[in-house]
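Understanding the architecture of this molecule
Each chain, written out:
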2 protein chains.
Amino acid sequence: MESKKKQYSELTDCLCTSIRKSARNISQKYNEYLKQSGEDINANQVSILVTLSQIENKTISELSNQLRMERTTLTRNLRVLDKSGWIKTDYGSDGRMKYTKLSKKGRQVLNKILPHWKKAQIQTKKLLGEDLQLFKQNLEKLTNL
Amino acid sequence: MESKKKQYSELTDCLCTSIRKSARNISQKYNEYLKQSGEDINANQVSILVTLSQIENKTISELSNQLRMERTTLTRNLRVLDKSGWIKTDYGSDGRMKYTKLSKKGRQVLNKILPHWKKAQIQTKKLLGEDLQLFKQNLEKLTNL
DNA sequence: TGAAATTATGTGTATATACACTTATTATTT
DNA sequence: AAATAATAAGTGTATATACACATAATTTCA
């Protein structure tokens with residue numbers, strides 16, 4: 001009778017698993033800091049609002065590409081942001097396209113959470129030390145595969 | 001009248017956002033490969049089954065710690081695996097604890113997806129090249145913060 | 001021993017994710 | 001101009017995620 005364990009050794013060391021783990025962990029960490037702002041907002045929502053702050057009047061598809069977020073996922077995420085009044089949407093000459101931008105309230109909430117977000121970032125970057133740039137480059141690679 | 005853009009420059013370069021992006025992207029990639037196995041299984045489910053294959057009869061809380069997955073999230077994820085017949089659960093002498101292990105069907109599905117998973121891993125690791133080990137170390141740091 | 005604290009797990013609710021499919025609008029072709 | 005193709009976005013469904021709260025079993029201790 002042989003041992004039934006120690007199989008799948010090739011599967012136990014998996015980049016996908018590691019990154020998902022890390023994403024769960026770091027998200028919770030950032031959310032803890034965000035909570036201290038008193039605003040009811042999370043890391044995912046912030047990342048969308050920040051993307052919108054960079055270039056206004058993006059279509060859903062453009063935003064979806066930039067965030068590497070499935071378009072239909074984004075549609076639902078935007079609904080939550082809209083419910084909170086942090087974004088505004090309108091239609092252009094092409095009736096198919098829907099343009100989204102930050103609302104005044106959206107800018108205000110970003111301003112409010114900024115210092116707490118910064119705290120989370122500083123703590124996180126400290127962990128990586130001088131590996132930071134290389135780490136980000138490699139993350140970038142995995143974001144574009 | 002000043003420009004209203006280019007604010008939040010500190011927020012645009014965020015590790016949490018980058019890792020979440022990367023997690024979405026790499027998960028989709030792995031899922032594409034898994035689909036070629038013909039089995040209806042995804043990367044998250046595989047990672048849980050693999051963890052179960054390492055040490056049998058884990059409690060929910062132990063598994064939750066090892067996977068860095070919120071316990072109540074895991075409860076729901078296990079329900080899906082159970083529905084597919086890939087795991088078995090039973091209670092020990094302590095009536096509070098619930099032990100989970102791979103079923104025979106669970107081992108079979110891991111065997112079946114193994115080559116496709118491997119393909120995804122190889123492609124991914126190739127991208128990182130010799131940065132792989134360092135990258136994993138840094139991911140590990142962010143998984144334990 | 002029985003009340004109180006602790007521990008392990010589950011549920012309610014809300015958001016995040018993505019695939020398959022649908023709808024609506026615009027562009028192209030005949 | 002009408003039929004067809006292409007494009008942009010939404011919906012149905014299922015899973016993933018996590019916080020707040022609830023439940024059930026065990027342990028502790030007065």
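Scope of this entry: the structure provided in the associated data block. The residue numbering used here restarts from 1 in each chain and proceeds along that chain's sequence as written. The lettering of chains begins at A and the numbering of ligands begins at 1, in the order of writing. Local features are withheld for residues below a pLDDT of 70 in this predicted model, meaning they are given only at 70 or higher, and side-chain atom pairs are given and counted only at 80 or more; totals for whole chains, interfaces and linings count all residues. Side-chain measures here rest on the full set of heavy atoms in the structure, leaving out hydrogens and waters.

Let's shift gears to the overall build of chain A. Numbering of helices and strands starts at the N terminus; helices are DSSP runs of H or I of at least 4 residues and strands are runs of E of at least 2. When its secondary structure is counted, chain A shows seven helices and three strands. N-terminal to C-terminal, the α/β element order of chain A is α-α-α-β-α-α-β-β-α-α. Using C-alpha atoms as the atom set, the radius of gyration is obtained and then compared with a globule rule of 2.2 Å times the number of residues to the power 0.38. What you see for chain A is a C-alpha radius of gyration of 19 Å, clearly larger than the 15 Å of a compact globule of 145 residues, by over 25%. With the principal axes as the frame, chain A shows a C-alpha extent of 70 × 35 × 30 Å. Classification of residues uses two cut-offs on accessible area relative to the type maximum, computed with a 1.4 Å probe and protein chains only: under 20% is buried, over 50% is exposed, and between them is partly exposed. Going through the 145 residues of chain A one by one, you find that 45% of them count as buried. Of the contacts formed within chain A by residues at least 6 apart in sequence, a portion of 52% connects residues at least 24 apart. A 1.4 Å probe and the Shrake-Rupley method give the accessible areas. Residues count as covered only by the protein chains that appear here. Accessible surface, chain A: about 8000 Å² in total, of which carbon and sulfur atoms supply 46%. Charge separation in chain A, taken as the distance between the mean sites of 28 positive and 15 negative side-chain charges, equals 5 Å. Contacts between residues were defined by any pair of non-hydrogen atoms, one from each residue, lying within 4.5 Å. By the counting rule applied here, Lys and Arg register as positive and Asp and Glu as negative, while His and the ends of each chain are not counted. A charged residue contributes its charge at one atom only: NZ of Lys, CZ of Arg, CG of Asp or CD of Glu.

The next point concerns unusual backbone geometry. In terms of backbone geometry, most residues other than glycine have negative phi values and most peptide bonds are trans. Unlike most non-glycine residues, Arg68(A) shows phi in positive territory, near 50°. Using a relative accessible area of 31% as the deciding quantity, one classes Arg68(A) as partly exposed.

This paragraph deals with the pairing of strand 3 (residues 98-102) of chain A. Each regular strand carries side chains that alternate between the two faces of the sheet. Residue and element names in this part refer to chain A. Two strands are said to pair when DSSP picks up at least two bridges between them. Pairing between strand 1 (residues 58-59) and strand 3: two bridges, direction antiparallel. Bridged to Lys58 within strand 3 is Thr100. Bridge count between strand 2 (residues 87-91) and strand 3: five bridges; the pairing is antiparallel. When the sheet's bridge partners are listed, Ile87 is paired in strand 3 with Leu102. Two successive antiparallel strands, strand 2 and strand 3, enclose a turn made up of six residues.

This part is about the relation of the copies chain B and chain A. The fit set for superposing copies consists of C-alpha atoms from residues with pLDDT of at least 70 in both; the fit itself is least squares. Each copy superposes on the other: chain B lies on chain A with an RMSD of 0.0 Å after a rotation of 180° and an axial shift of 0.0 Å. Taken together, the rotation and translation relating the two chain copies correspond to the operation of a two-fold axis. Of the residues that chain B buries at the interface, 100% are likewise interface residues in chain A, meaning the two copies contact each other through the same surface.

Among the 30 residues in the neighbourhood of DNA strand C, the closest are listed as Lys35(B), Ser61(B), Arg76(B), Arg79(B) and Lys98(B). The near set for a molecule or strand comprises every residue that places at least one heavy atom within 4 Å of it. Sugar plus phosphate: this is where 62% of the atoms of DNA strand C within 4 Å of the protein reside. Identification of polar contacts relies on pairs of N or O atoms within 3.5 Å, with a donor-acceptor requirement for protein atoms, meaning one able to donate a hydrogen and the other able to accept it, and with residues adjacent in sequence counted only if both atoms are side-chain atoms. In this structure, a phosphate oxygen belonging to DNA strand C sits 3.0 Å away from a side-chain N or O atom of Gln28(B). Here a base oxygen of DNA strand C sits 2.7 Å away from a polar atom, N or O, in the side chain of Arg76(B). For the surface near DNA strand C, the elements supplying multiple residues, two or more each, are helix 3 (43-54) and helix 5 (71-83) of chain A together with helix 1 (15-35), helix 3 (60-67) and helix 4 (71-83) of chain B. Of all the elements, helix 5 of chain A adds the most residues to the surface near DNA strand C, at six residues.

All right, on to the protein's contact with DNA strand D then. Residues in close proximity to DNA strand D total 30 residues, the closest being Lys35(A), Ser61(A), Arg76(A), Arg79(A) and Lys98(A). Atoms of DNA strand D within 4 Å of the protein: sugar and phosphate make up 63%, bases the balance. A distance of 3.4 Å separates a base nitrogen of DNA strand D from a polar atom in the side chain of Thr73(B). Between DNA strand D and Asn77(B) there is a distance of 3.0 Å, counted from a phosphate oxygen to a side-chain nitrogen or oxygen. When residues of the surface near DNA strand D are traced back to their parent elements, those giving at least two are helix 2 (15-35), helix 4 (60-67) and helix 5 of chain A together with helix 2 (43-54) and helix 4 of chain B. No other element matches helix 4 of chain B, which puts six residues into the surface near DNA strand D. Three categories are distinguished: nonpolar for Ala, Val, Leu, Ile, Met, Phe, Trp, Tyr, Cys and Pro, charged for Asp, Glu, Lys and Arg, and polar for the others, with Gly belonging to the last. Broken down by class, the residue content of the surface near DNA strand D amounts to four nonpolar, 13 polar and 13 charged.

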